[in-house]
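Given next are the chains, with one letter for each unit.
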Amino acid sequence: MIGLLARLRDVRLIRYGLASVGALAVDMGSFLLLLAIGMISPLAAAAGYSLGIVVHWVLSSRTVFQDTVAVKGEGRGCQKALFVGSALVGLALTTAIVWAGDHSGIDPRAAKVAAIAASFIVTYLLRKTIVFGRATGR
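Quick caveat: nothing in here was measured; it's all calculated off a predicted structure.

Peer 1: Help me out: how do you make sense of the side chain of S60 in this one?
Peer 2: Here S60 is to be found in helix α3 (residues 41-64). Setting aside chain neighbours within four positions, we find S60 in contact with Y16, F65, Q66, F83 and F132.

Peer 1: Before we go on, may I ask you to explain the environment of R12 in this structure?
Peer 2: Summarising the element assignment, R12 is placed in helix α2 (residues 12-36). Remark: the alpha-carbon pair of R12 and Y124, spanning 112 residues in sequence, is separated by 10.0 Å. A polar atom in the side chain of R12 sits 3.1 Å from the backbone oxygen of V64.

Peer 1: Where do I start with the layout of surface pockets in this structure?
Peer 2: The gaps of empty space that remain are located by a probe, the size of a water molecule, rolled over the atoms. Approximately 860 Å³ is the volume attributed to the largest pocket. Together, 28 residues line the largest pocket, and L24, D27, Y49, T94 and K112 are the ones closest to its centre. Where the lining of the largest pocket is concerned, the elements lending two or more residues are α2, α3, α4 (74-103) and α5 (108-131). In terms of residue class, the lining of the largest pocket is made up of 16 nonpolar, nine polar and three charged.

Peer 1: Could you clarify how one ought to interpret the packing of aromatic side chains in this entry?
Peer 2: Centre distance and the angle of the planes are the two values used to describe a pair of aromatic rings. Tallying each qualifying case throughout the model produces eight aromatic pairs. Taken together, a centroid distance of 4.6 Å and an interplanar angle of 10 degrees make the contact between F65 and F132 stacked. Here F132 lies in the segment after α5 and F65 lies in the loop between α3 and α4, a separation of 67 residues in the sequence. Taking relative accessible area as the criterion, F132 reaches 2% and is therefore assigned buried. The ring of F83 has R127 lying over it, and the distance from NZ or CZ to the ring centre is 3.9 Å.

Peer 1: What exactly am I supposed to notice about a nonpolar patch on the surface here?
Peer 2: Residues L24, M28, L32, L35 and I116 make up a contiguous nonpolar surface patch of roughly 390 Å² in combined accessible area. Exposure remark for I116: the relative accessible area of 35% places this residue in the partly exposed category.

Peer 1: Even after reading the chapter, I still don't get the nonpolar core, so can you show me in this structure?
Peer 2: Across soluble globular proteins, nonpolar side chains show a tendency to be buried alongside one another. Grouped together as the largest cluster of nonpolar side chains are 12 residues: Y16, A19, I53, W57, V64, F65, V69, F83, A87, Y124, V131 and F132. Listing elements by their share of this core, those giving two or more residues are α2, α3, α4 and α5. Not counting residues up to four positions away in its chain, the partners in contact with V64 are R12, R15, Y16, A19 and L59.

About the criteria used
- Residues numbered from 1 in each chain as written.
- Predicted model: local features only at pLDDT ≥ 70, side-chain atom pairs only at ≥ 80, totals over all residues.
- Heavy atoms only, no water.
- Helix = DSSP H or I, 4+ residues; strand = E, 2+ residues; numbered from the N terminus.
- Contact = heavy atoms within 4.5 Å.
- Polar contact = N/O pair within 3.5 Å; in protein donor to acceptor, adjacent residues only side chain to side chain.
- 1 Å grid on protein atoms, 1.4 Å probe; cavity = no way out; pocket = protein on both sides within 12 Å on 5 of 7 lines; lining within 4 Å.
- Points joined across faces, edges and corners; volume = space filled by probe spheres on them.
- Nonpolar A, V, L, I, M, F, W, Y, C, P; charged D, E, K, R; others polar.
- Phe/Tyr/Trp six-rings, centres within 6.5 Å; stacked < 30°, edge-to-face > 60°.
- Buried < 20%, exposed > 50% of the residue type's maximum accessible area, 1.4 Å probe, protein only.
- Lys NZ or Arg CZ within 6 Å of the ring centre and 35° of its normal.
- Patch = residues over 30% accessible without salt bridge, like charges linked within 9 Å, V, L, I, M, F, W, Y side chains within 5 Å.
- Areas by Shrake-Rupley, 256 points an atom, 1.4 Å probe, with all protein chains shown as cover.
- Salt bridge = Lys/Arg side-chain N within 4 Å of Asp/Glu carboxyl O.
- Core = buried A, V, L, I, M, F, W, Y, C linked by side-chain atoms within 4.5 Å.

Structure follows, in structure tokens:
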């Protein structure tokens, strides 16, 4: 059993899933906190999402794709820009799915769950193949 758990720890997709859960917790937690202290919802959403991106970069670059992180300098800057680009693709996909679901009469919460799943898959593939797929500047 311990051997199986050790092997599962090394599975990149599982590590990515855990990093995503951590980033989502920061995103939603900060969003709800900012709303509670009176920040307007669009600004709170943008701030929460931005904090989630930062957390996801840190977790992804140190625990998921640590073997393909570019060295400091231009390569790392390019990799960070690609990471943010992948996050914006995920944001656009999420927004489109929730919008389409809402306009189709689907409960927005259900559409959001579907959007989270779709965004998770798309951003993982982008990050695995493009952002961290080649050792830029190594």
